[in-house]
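Breakdown of the fold
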Amino acid sequence: MKFVAKIFNKRANWAIPYAIFLALFVALPLVLILVYAFQDAEGAFSLDNFRRFVEQPEAVNTFIYSIGIALITTILCILLGYPAAWILSNRKLNRSEITVVLFILPMWINILVRTLATVALFDFAKLPLGEGALIFGMVYNFLPFMIYPIYNTLQKMDHSLIEAAEDLGATPWKVFRKVTVPLSMPGVMSGIMMVFMPTISTFAIAELLTMNNVKLFGTTIQENINNGMWNYGAALSLIMLVIIGITSLFSDGEEQNDSESLI
Amino acid sequence: MAKKSETIIKIENLSKAFGDKVVLDNINLDIKRGEFVTLLGPSGCGKTTLLRMLAGFMQPDEGVISMEDKNILTMPPHQRPLNTVFQRYALFPHLNVYENIAFGLKLKKVVSREIDKRVRKALKMVSMTDYEDRDVNSLSGGQQQRVAIARAIVNQPQVLLLDEPLAALDLKMRKDMQMELKQMHEALGITFIYVTHDQEEALTLSDTIVVMSEGKIQQIGTPIDIYNEPANSFVADFIGESNILNGTMIKDKEVEFIGHKFECVDSGFGENTAVDVVIRPEDIYLVGNVENADFTGVVKSCIFKGVHYEMFVETDKGFELMIQDYNAFEEGTTVGMFIKPSDIHVMRKERTCNTFQGVMTSPTTVEMLGSEFECKDQGLQAGDNVTVRVAFNRVELHDYKEDGKLIGSVHFILYKGDHYHLTVKTEDGDFIYVDTNDIWDNFDVVGISIDKRDIYVSKRV
């Protein structure tokens, strides 16, 4: 009994379960990916998996295509999400917190359920499934992740800065361009991180909304692993991780705080 | 230098209400070119609202503001030829010092060589040369305020609005900045409109002080006028320390207060008129010798205040006076006191009793202040419109709001030497004035009741 109490008295010990969790479910899988990626089927060290990726035009094309789709989704999310966030944060246009919650509400429902509902919606409206439906589904699913961080930065912005700009002779448009937009960039950057990264690796949305006609990189990885090609799948995952790692470097340091308070 | 006598800004009949709360009540004010005008008053008096209307961030319900004979109310803020220094600086965090100051000039498409010249000049003016490339977040409060001032004056406005610019600085820094602002005002020769709640700052800086309270202008004048000749007890209490006492003007040049008659220099109040008397604490002379003194008293407390001692003296007739003197008189000492006729300032009383409008609901009940009160039968009928009078000292205040007929909160407290004169604001926004010996604090919530014998009703025609 005394021994147990001793363990609990030291606060650092409380971290042990989390450390075990991280080791088992984050660190170990990453190490496994790394190890598998540099092994051939017999378990010997080789760069064959990467060579295969570079030499196979199909995989490279899927990869580029996925990045393209992710870029389009992200850009559409910014174009749709920024004005929405601006309107929500404007005290004259929006006076209730409820409208904000309404925008965030879809995030409370599982992504697969929402996507299946989208499929049903397209069927009902007799719209063809395919690339268009895919982009629609992606934007629909990830828009709240763009709106919320931008809304958050805009709402926290000191209103006197806008008044100061007006006072110095800026028209409303100039105020928006020279003060509001630059000051909301941290929010936009977190939005990009939260939309771009997951969209590169999704496969469920692509499968459901294109009837498996359009292949994304996530689908390729999933197929390889399902077919027992563990080493090649691991290599592809590693490539994707590196790309995501590089994008996150772009915006590092500025906006750590903005995605924290996501509902 | 600009011509000083010319009016640059004219404010006429300006009013504004937020819901039921009147924040500006029929403000009229002329501001001269090159003048340093201070809007002074406690928080919530409407001074900031007035400044924001000048800048264009708020629209009045009624009235006109014109600048150089042009109505500026129709102009959005970015077209108005004036610039603002904000209380919390409002520097753009994404721009450095240079870019902040150049912001206005760039918008006006000034050529970059000219911008460079003017930014450097402005930086020199606020003693911030060599800070161009600094990140504004790395500057201290005082430095940020200097940049904010530079950012405003670089646009060469005719009028500079300053919204409590020194409020966030510590005392020493504030004193230094006050001097610099005054020098800057002289060097630039433009009009400064300065908002503050700090009376000392207002007295130090201004050419003209506009004292405001409850959305109304209480007095406009030079610092010396305002200090020496306050227009009413609010101004006397707000500006500097003062003893405000009830008095009676016996006849011209003779006034009675604290139980003694004094010679004074005021006249024209009529005979035996109730007045307020203001004596500044430094204007009462203390002597150890009680013979031949105007009146005598006993020192109750004596505190050293740096340059002078501040003493509270209880007079022979039981009034408490605040006195400042270079010499200390110990607690318990009996002292004699003198007041010079010219140091006695007499003010007409704004009111001598509470006056309310009411309606009789029966011969013995009257409805007023949103409630029904019992009163004596004075031969009036239900439905008669009446004026109700209640003496200040006949209003009772209760600690527990449930004990009163009405609920109010203490709004303003004036010490009158032997009692407190309170302004109590009811829930409906009516004011009731109360004389009491009990000690209350501002914003205390109180129950209010009035005995039926103390309610005097008279028919209104």
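Within each chain, residue numbers correspond to sequence positions counted from 1 in written order. Labels follow written order: the first chain is A, the first ligand is 1, and so on. Where local features are concerned, this predicted model is filtered to residues with pLDDT of at least 70; where side-chain atom pairs are given and counted, the filter is 80 or more; whole-chain, interface and lining totals use all residues. Excluding hydrogens and water, the side-chain figures rest on all heavy atoms present in the structure.

1. Some points on the overall build of chain B
The line we're drawing: Numbering of helices and strands starts at the N terminus; helices are DSSP runs of H or I of at least 4 residues and strands are runs of E of at least 2. Whether two residues are in contact is decided by their heavy atoms, any of which lying within 4.5 Å being enough. For every accessible area listed, the method is Shrake-Rupley and the probe measures 1.4 Å; residues are considered covered only by the protein chains on display.
Check the secondary structure of chain B and you find 8 helices and 30 strands. In terms of overall dimensions, chain B has a C-alpha envelope of 85 × 65 × 40 Å along the principal axes. Counting only contacts in chain B whose residues sit at least 6 apart along the sequence, the fraction spanning at least 24 positions is 65%. Total accessible area on chain B is roughly 21,700 Å²; 46% of this is exposed by carbon and sulfur atoms.

2. Comments concerning the domain arrangement of chain B
The figure often quoted for interface size is the accessible area lost as the parts come together. Test applied: Each domain's extent is set by a domain assignment, obtained either automatically or from a database.
Partitioning chain B into structural domains gives domain 1 (7-236), domain 2 (241-348) and domain 3 (354-459). Each of domain 1 of chain B and domain 3 of chain B has a C-alpha centre, and these two points are 41 Å apart.

3. A short note on the packing of aromatic side chains
Test applied: Stacked, tilted and edge-to-face pairs are distinguished by plane angle, under 30 degrees for stacked and over 60 for edge-to-face with tilted covering the rest, among Phe, Tyr and Trp rings (Trp via its six-membered ring) whose centres lie within 6.5 Å. Type-normalised accessible area, obtained with a 1.4 Å probe on protein chains alone, sets the label of each residue: buried when under 20%, exposed when over 50%, and partly exposed for intermediate values. Criterion for a charge above a ring: Lys NZ or Arg CZ within 6 Å of the ring centre, and within 35 degrees of the ring normal.
The final tally for this structure, using the stated rule, is 25 aromatic pairs over all chains. Between Phe234 of chain B and Phe238 of chain B, the aromatic rings sit 5.6 Å apart at their centres with planes inclined by 10°, giving stacked as the arrangement. Here Phe234 of chain B and its partner Phe238 of chain B are both found in helix H8 (residues 233-238), 4 residues apart, which amounts to about one turn of the helix. The buried category is assigned to Phe234 of chain B, whose relative accessible area is 11%. Judged by centre distance (5.1 Å) and plane angle (50°), the rings of Phe304 of chain B and Tyr309 of chain B are tilted. Note on Phe304 of chain B: relative accessible area 52%, which makes it exposed. Three or more aromatic residues joined by ring pairs form one cluster here, namely Tyr82, Trp86, Trp173 and Phe176 of chain A. Directly above the ring of Tyr433 of chain B sits Arg351 of chain B, whose terminal nitrogen or CZ lies 3.8 Å from the centroid. Between Lys405 of chain B and the ring centre of Phe373 of chain B, over which it is positioned, the NZ or CZ distance is 5.8 Å.

4. What to know about the pattern of salt bridges
All names here are of chain B. What counts here: What makes a salt bridge here is a side-chain nitrogen of Lys or Arg within 4 Å of a carboxyl oxygen of Asp or Glu, nothing more.
Scanning all chains against the criterion turns up 24 salt bridges over all chains. The salt bridge partner of Glu164 is Lys47, with a shortest N-O separation of 3.7 Å. Taken together, the residues Glu164 in the loop between strand S7 (159-163) and helix H5 (171-188) and Lys47 in helix H1 (residues 47-55) connect sequence positions 117 residues apart. Lys47 matches Glu164 in its accessibility class, with the two residues each being buried. Between Asp116 and Arg120 there is a salt bridge whose closest N-O contact spans 3.2 Å.

5. Observations concerning the sheet that holds strand S13 (residues 260-263) of chain B
Residues and elements named next belong to chain B. What counts is decided by this rule: When DSSP finds two or more bridges between two strands, those strands count as paired. Note on definitions: angles span 0 to 180 degrees between N-to-C directions of axes, and those axes are lines fitted to C-alpha atoms, for helices only across the stretch in contact.
Judged by pairing direction, the sheet is antiparallel, and its 5 strands sit side by side in the order S13-S12-S11-S14-S20 without closing on themselves. Each edge of the sheet is formed by a strand with only one pairing partner; in this case those strands are S13 and strand S20 (345-348). The average angle at which neighbouring strand axes cross in this sheet is 40°, direction not considered. The pairing of strand S11 (residues 243-251) with strand S14 (residues 273-279) spans 7 bridges and is antiparallel. In the sheet register, Ile244 faces S14, and the bridge partner there is Val278.

6. Section: the nonpolar core
Residue and element names in this part refer to chain B. Here is the rule: We define the nonpolar core as a collection of buried residues of types Ala, Val, Leu, Ile, Met, Phe, Trp, Tyr and Cys that are connected through side-chain atoms lying within 4.5 Å of one another.
In this structure, Ile9, Ile11, Ile65, Phe92, Phe103 and Ile193 are the most contacted members of the largest nonpolar core, which totals 45 residues. Looking at which element gives the most residues to this core, the answer is H1, with 5 residues. Other than its neighbours up to four places away in sequence, Ile9 contacts Leu29, Asp30, Ile31, Leu54, Ile65, Ser66, Met67, Leu82, Val159 and Ile193. By size, the runner-up hydrophobic cluster in this structure holds 35 residues, among which are Val119, Leu162, Phe192 and Tyr194.

7. Looking at the confidence of the model for chain B
Here is the rule we go by: pLDDT gives the predictor's per-residue confidence on a scale running from 0 to 100.
Model confidence for chain B is summarised by a mean pLDDT of 91, while 99% of its residues fall at 70 or above. For this predicted complex, the interface confidence score (ipTM) comes to 0.78, while the overall pTM stands at 0.80.

8. Quick look at the sheet that holds strand S23 (residues 371-374) of chain B
Residues and elements named next belong to chain B. Read across the sheet, 5 strands follow the order S23-S22-S21-S24-S30 without closing on themselves; strand pairing throughout is antiparallel. The sheet is open, and its two borders are formed by S23 and strand S30 (456-459), each paired with just one other strand. Recorded for the sheet is a direction-independent mean angle of 40° between the axes of neighbouring strands. Where strand S24 (residues 385-390) lies against S30, 4 bridges are found, and the strand directions are antiparallel.

9. Comments concerning the packing of helix H4 (residues 57-89) of chain A against helix H9 (residues 172-201) of chain A
Residues and elements named next belong to chain A. Note the cut-off: Angle categories are assigned with fixed cut-offs, so that under 35 degrees is roughly parallel, over 145 is roughly antiparallel, 65 to 115 is roughly perpendicular, and the rest are oblique. Two helices cross in a left-handed way if the nearer one is turned anticlockwise from the farther one by less than a right angle. They cross in a right-handed way if the turn is clockwise.
The geometry of H4 relative to H9 is characterised by a closest axis approach of 9 Å and an angle of 140° between their N-to-C directions. Judged by the inter-axis angle, H4 sits oblique to H9. For the crossing formed where H4 meets H9, the hand is right-handed. Each of Ser66, Ile67, Ala70, Leu71, Thr73, Thr74, Cys77, Ile78, Tyr82 and Trp86 in H4 lies in contact with H9, whose residues at this interface are Phe176, Thr180, Val181, Ser184, Val188, Ile192, Val195, Phe196, Thr199 and Ile200.

10. Quick word on the layout of surface pockets
For clarity, the threshold we go by: Site definitions follow a grid-based scheme: protein atoms alone, a 1 Å grid, a 1.4 Å probe that fits but cannot get out for cavities, and for pockets an open set with protein on both sides within 12 Å along at least five of seven lines, plus lining residues having an atom within 4 Å of a point. Grid points are joined across faces, edges and corners, and a volume is the space filled by probe spheres set on the points. By the convention adopted, Pro, Cys, Tyr, Trp, Phe, Met, Ile, Leu, Val and Ala count as nonpolar, Lys, Arg, Asp and Glu as charged, and the other residues, Gly among them, as polar.
Here the largest pocket is characterised by a volume of approximately 1,100 Å³. What lines the largest pocket is a set of 38 residues, among which Ser213, Glu214, His411, Thr423 and Phe431 of chain B lie closest to the centre. Of all the secondary structure elements, the ones that give two or more residues to the lining of the largest pocket are strand S2 (21-32), strand S10 (216-221), H8, strand S26 (406-415), strand S27 (420-426) and strand S28 (431-436) of chain B. For the lining of the largest pocket, the class distribution of residues is 13 nonpolar, 12 polar and 13 charged. Split by domain, the residues of the lining of the largest pocket number at least three in each of domain 1 (7-236) and domain 3 (354-459) of chain B. Space inside the second largest pocket adds up to approximately 700 Å³. Residue lining of the second largest pocket: 20 residues in total, with Trp86, Asn90, Lys92, His159 and Ile162 of chain A positioned closest to the centre.

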